[in-house]
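Residue-level listing of the chains:
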Amino acid sequence: MVHSPAPLSALAAPERPFVHKTVTLFRDQLLLLDCGLPMSNVRVAYHAYGEARETATLVLHALTGTSAVHEWWPDFLGAGRPLDPATSYVVCANVLGGCAGSSGPGELPQSGGQPAPLTLRDMARVGRALLAELGIRKVKIIGASMGGMLAYAWLLECPELVERAVIIGAPARHSPWATGLNTAARSAIKAAPGGEGLKVARQIAMLSYRSPESLAVTQSGNRRPGVPAITTYLEHQGEKLAARFCEQSYCTLTQAMDAFQPTDEELRCIRVPVLCIGISSDLLYPAAEVKAHAALLPNSTYWELSSIHGHDAFLIDAQDLPERVQEFLHSSPTEN
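Predicted model, so just to flag it, every value in this text is computed and none were measured.

(A) Structural view of the overall build of the protein chain. Within the protein chain one finds twelve helices and 14 strands. Its C-alpha atoms give the protein chain a radius of gyration of 19 Å, near enough to 20 Å, the size a compact globule of 336 residues would have. Its C-alpha atoms give the protein chain principal-axis dimensions of about 60 × 50 × 50 Å. A burial count over the protein chain gives 54% of its 336 residues as buried. By sequence separation, contacts in the protein chain at least 24 residues apart represent 74% of the contacts at least 6 residues apart. For the protein chain, the exposed surface amounts to about 14100 Å²; the carbon and sulfur share of it is 53%.

(B) Molecular detail of the layout of surface pockets. Of the voids in this model, the largest pocket is the one considered here, and its volume is about 790 Å³. Lining of the largest pocket is provided by 41 residues; of these, Thr64, Arg202, Arg244, Asp312 and Leu315 occupy positions nearest its centre. Contributing elements (two or more residues each) for the lining of the largest pocket: α1 (69-72), β9 (138-144), α4 (176-191), α5 (196-209), α7 (229-244), α8 (247-259) and α11 (313-316). With seven residues, α5 is the single largest residue contributor to the lining of the largest pocket. Residues of the lining of the largest pocket, tallied by class, amount to 23 nonpolar, eleven polar and seven charged. If you add up the space inside the second largest pocket, you get close to 270 Å³. Tallying contributions element by element places α8 first for the lining of the second largest pocket, with five residues. Residues belonging to the lining of the second largest pocket are distributed by class as follows: six nonpolar, four polar and one charged.

(C) Here's a closer look at empty space enclosed by the protein. Overall, the coordinates contain one cavity of 30 Å³ or more when judged by the stated rule. Here the largest cavity is characterised by a volume of approximately 150 Å³. In this structure, the largest cavity is lined by 14 residues; those nearest its centre are Leu60, Ala93, Met123, Gly127 and Trp154. No other element matches helix α2 (residues 120-134), which puts five residues into the lining of the largest cavity. Taken together, the residues that form the lining of the largest cavity break down as twelve nonpolar, two polar and no charged.

(D) Spatial organisation of the nonpolar core. Among the nonpolar cores identified, the biggest contains 77 residues, and Leu96, Ile141, Tyr152, Trp154 and Tyr250 are the most heavily contacted of them. It is helix α3 (residues 146-157) that contributes the most residues to this core, nine residues altogether. Discounting residues that sit within four places of it in the chain, Leu96 has contacts with Leu31, Leu33, Met39, Val42, Ser103, Leu108, Leu118, Met123, Val126 and Leu253. Counting residues in each nonpolar core, the second largest holds 25 residues, with Val69, Val90, Leu305 and Ala318 among its members.

(E) Seen up close, the pattern of salt bridges. Summed over the entire model, instances satisfying the criterion amount to 13 salt bridges. Among the salt bridges present, the one from Arg224 reaches Glu235, with a minimum N-O distance of 3.8 Å. Taken together, the residues Arg224 in strand β11 (residues 222-224) and Glu235 in helix α7 connect sequence positions eleven residues apart. On the basis of relative accessibility, which here comes to 42%, the residue Arg224 falls in the partly exposed class. Three or more residues joined by partner-sharing salt bridges are found here, namely Asp34, Arg121, Asp122, Arg125, Glu157 and Glu266.

(F) A look at the environment of Gln319. Structurally, Gln319 can be placed in the loop between α11 and α12 (321-329). Judged by its relative accessible area of 23%, Gln319 falls in the partly exposed class. The spacing of Gln319 and Leu155 is 164 residues in sequence and 27 Å in space, taken between C-alpha atoms. A polar atom in the side chain of Gln319 sits 3.2 Å from the side chain of Asp317.

Parameters and conventions
- Residues numbered from 1 in each chain as written.
- Predicted model: local features only at pLDDT ≥ 70, side-chain atom pairs only at ≥ 80, totals over all residues.
- Heavy atoms only, no water.
- Helix = DSSP H or I, 4+ residues; strand = E, 2+ residues; numbered from the N terminus.
- Rg over C-alpha atoms; globule rule 2.2 N^0.38 Å.
- Buried < 20%, exposed > 50% of the residue type's maximum accessible area, 1.4 Å probe, protein only.
- Contact = heavy atoms within 4.5 Å.
- Areas by Shrake-Rupley, 256 points an atom, 1.4 Å probe, with all protein chains shown as cover.
- 1 Å grid on protein atoms, 1.4 Å probe; cavity = no way out; pocket = protein on both sides within 12 Å on 5 of 7 lines; lining within 4 Å.
- Points joined across faces, edges and corners; volume = space filled by probe spheres on them.
- Nonpolar A, V, L, I, M, F, W, Y, C, P; charged D, E, K, R; others polar.
- Core = buried A, V, L, I, M, F, W, Y, C linked by side-chain atoms within 4.5 Å.
- Salt bridge = Lys/Arg side-chain N within 4 Å of Asp/Glu carboxyl O.
- Polar contact = N/O pair within 3.5 Å; in protein donor to acceptor, adjacent residues only side chain to side chain.

Geometric values such as these leave the question of function open.
Here it is, written out as structure tokens:
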């Protein structure tokens, strides 16, 4: 079942459906990055939906996502949905190193003339500082794709804050296949800086976000005489990303994902209830890989979304995924 987005007025008070703010953290104490370099005055842009409380649902966005959940996940945000501002305080922040309001790569400490390498654990520590700033003491976490990997970082870095977590279409660590795709994308950016390389990087990524079956259904034939539909589709996707995203952020965030390699022993130490969701046709993060990592968690449940649309099915073909997530997020501890 595909949900129709609720109007923004349904998200909270009609006159103010959300709060969008930017705060500066680590003013008085330093953020020590995993690379060993300190950082201060870290800017964090976030959206918040619903009435402020000491407990919240924290949404972790994907690689090129933003904190504006209402713009990219209407199946999940709204009245009667997993992220219902009438019953929950929903918060999403742009990650450190991103380019949607938070401190970006150009503001990171320099290492060898280049921005310092970031880790997903660094991002989780910044997120923890944001929770403290907002007076939030406990969170339920939901993340998909890069956000799902970041959820693993939260579970390892600050498990005492997390009541339960939902990880959608994400492994605990990158395989050589996923790292190879990111390497090719960064090589394209390095070879053609200034935007053209980022367009190619996006085209590479989009092929891994879909499946052969999905493209056969949606991109067959021609949209322009003599030009295959898939060609115009990929060109359009590249143009769109280059218009709104930063190539430095793309490299910084994908490197952080590639470097995140928790061991099996670390994963076995996670005691928080976790719902891990694989996607049947996912080429980027195959369902078997997501399931295998979920099996290492002592208190996990695995469920699989059946869709022909590949990795991006959590965005474009959610079906009954919202219901599954809502049931888990709002169940009691004894129901796990």
